[in-house]
Amino acid sequence: MSAVDRAFHGLRHMIATSRLGAGERIPPEAELCEELGVSRGSLREAVRMLAALGVIEPRHGSGTYVSQLRPEDVIGSLSLTVELLPFPGLLEVYEIRRVLEAHIAAKAAARRTPETVRTLFSLIDAMETTDDPAEASDLDHRFHAEIARAAGNPAAASLLAVFRARSRKYQIFTLPEGPELRRKSDEDHRVLATAIADRDPGAAAGAAEAHVAQTERWLRALMPPVEEDGSLADDTPS
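This report concerns the structure included in the present document. (Residues numbered from 1 in each chain as written. Predicted model: local features only at pLDDT ≥ 70, side-chain atom pairs only at ≥ 80, totals over all residues. Heavy atoms only, no water.)

**Considerations on the pattern of salt bridges**
Part 1 of the reasoning: Evaluated as defined, the whole model comprises 17 salt bridges.
Part 2 of the reasoning: Taking the shortest distance from any N to any O, the salt bridge between Arg19 and Glu35 comes out at 2.5 Å. Placement of Arg19 in the loop between helix 1 (3-16) and helix 2 (29-36) and of Glu35 in helix 2 is noted, with a sequence separation of 16 residues between them.
Part 3 of the reasoning: Take Arg19: its relative accessible area is 44%, and that puts it in the partly exposed class.
Part 4 of the reasoning: Given the relative accessible area of 40%, Glu35 is considered partly exposed.
Part 5 of the reasoning: Measuring nitrogen to oxygen at the nearest pair gives 2.7 Å for the salt bridge that ties Glu29 to Arg44. Of this pair, Glu29 sits in helix 2 while Arg44 sits in helix 3 (residues 40-52), and the two are 15 residues apart along the sequence.
Part 6 of the reasoning: It is possible to trace a salt-bridge network through shared partners that takes in Glu29, Arg40 and Arg44. (Salt bridge = Lys/Arg side-chain N within 4 Å of Asp/Glu carboxyl O. Helix = DSSP H or I, 4+ residues; strand = E, 2+ residues; numbered from the N terminus. Buried < 20%, exposed > 50% of the residue type's maximum accessible area, 1.4 Å probe, protein only.)

**Considerations on the packing of helix 7 (residues 114-129) against helix 10 (residues 178-197)**
Part 1 of the reasoning: Packing of helix 7 against helix 10 brings their axes to within 10 Å, and their N-to-C directions diverge by 170°. Considering their axes alone, helix 7 and helix 10 lie roughly antiparallel with respect to each other. Contacts from Val117, Leu120, Phe121, Ile124, Asp125, Met127 and Glu128 in helix 7 reach Arg182, Asp186, His189, Arg190, Ala193, Thr194, Ile196 and Ala197 in helix 10.
Part 2 of the reasoning: Here the contact of helix 7 with helix 10 is built from residues that sort into eight nonpolar, two polar and five charged. (Axes fitted to C-alpha atoms, helices over the stretch in contact; angles between N-to-C directions. Parallel < 35°, antiparallel > 145°, perpendicular 65-115°, else oblique. Contact = heavy atoms within 4.5 Å. Nonpolar A, V, L, I, M, F, W, Y, C, P; charged D, E, K, R; others polar.)

**Some thoughts on unusual backbone geometry**
Part 1 of the reasoning: In this model, Ser18 sits at a positive phi of 70°, which is unusual for a non-glycine residue.
Part 2 of the reasoning: Its location among the elements puts Ser18 in the loop between helix 1 and helix 2.
Part 3 of the reasoning: Notably, Leu69 is not glycine yet its phi reads approximately 55°, a positive angle.
Part 4 of the reasoning: In this structure, Leu69 sits in the loop between strand 2 (63-66) and helix 4 (71-76).

Right, here's the structure in full:
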């Protein structure tokens with residue numbers, strides 16, 4: 001194990017065992033270096049790695065602190081690795097998404113408010129009328145984010161956002177079949193929103209699972225290209 005790894009896992013163990021709690025300032029460098037048996041350079045690299053994961057927060061002029069360790073923040077850092085998954089890995093993620101999206105939709109149906117319903121149908125109306133792929137993608141993202149918000153589980157919402165961000169690298173609606181695919185996607189959104197409006201968790205779960213499964217089938221069949229610059233595509237359904 002390298003010195004950086006030793007420092008990384010040492011700090012991680014201190015946080016995992018609550019020796020260093022959320023929001024707490026970590027000990028001085030000299031103290032940590034002596035305890036972990038590493039140099040200042042190795043310790044600083046480990047701190048940078050943990051900061052990238054949202055676990056530690058360096059504060060200029062104040063010191064370095066353990067973050068608040070909110071599940072949604074820590075889970076959000078998974079995007080650093082999930083976005084590296086090749087196409088076969090993305091398809092495996094879709095199997096997980098089908099389960100999570102169904103669960104979230106059922107919870108949203110049980111907990112929805114009149115405001116939630118208005119927001120969902122307003123977003124659908126906007127999706128169906130826009131001709132701008134970038135705007136449609138943003139509206140699609142907001143639609144699914146609103147369902148996750150209504151479900152009341154920020155950690156699950158964050159995980160699904162990571163999964164959806166990865167799938168958006170693939171362009172579907174720019175393919176020759178694009179207009180028909182988008183029409184079907186919009187129909188799926190209405191079925192899902194209607195089930196949520198009706199407070200029908202079973203129907204909502206089924207609609208969400210079917211929607212994700214449909215997108216997965218499109219990806220498997222059409223193998224749409226990834227943007228050459230690696231940026232997120234603007235027109236792949238979430």
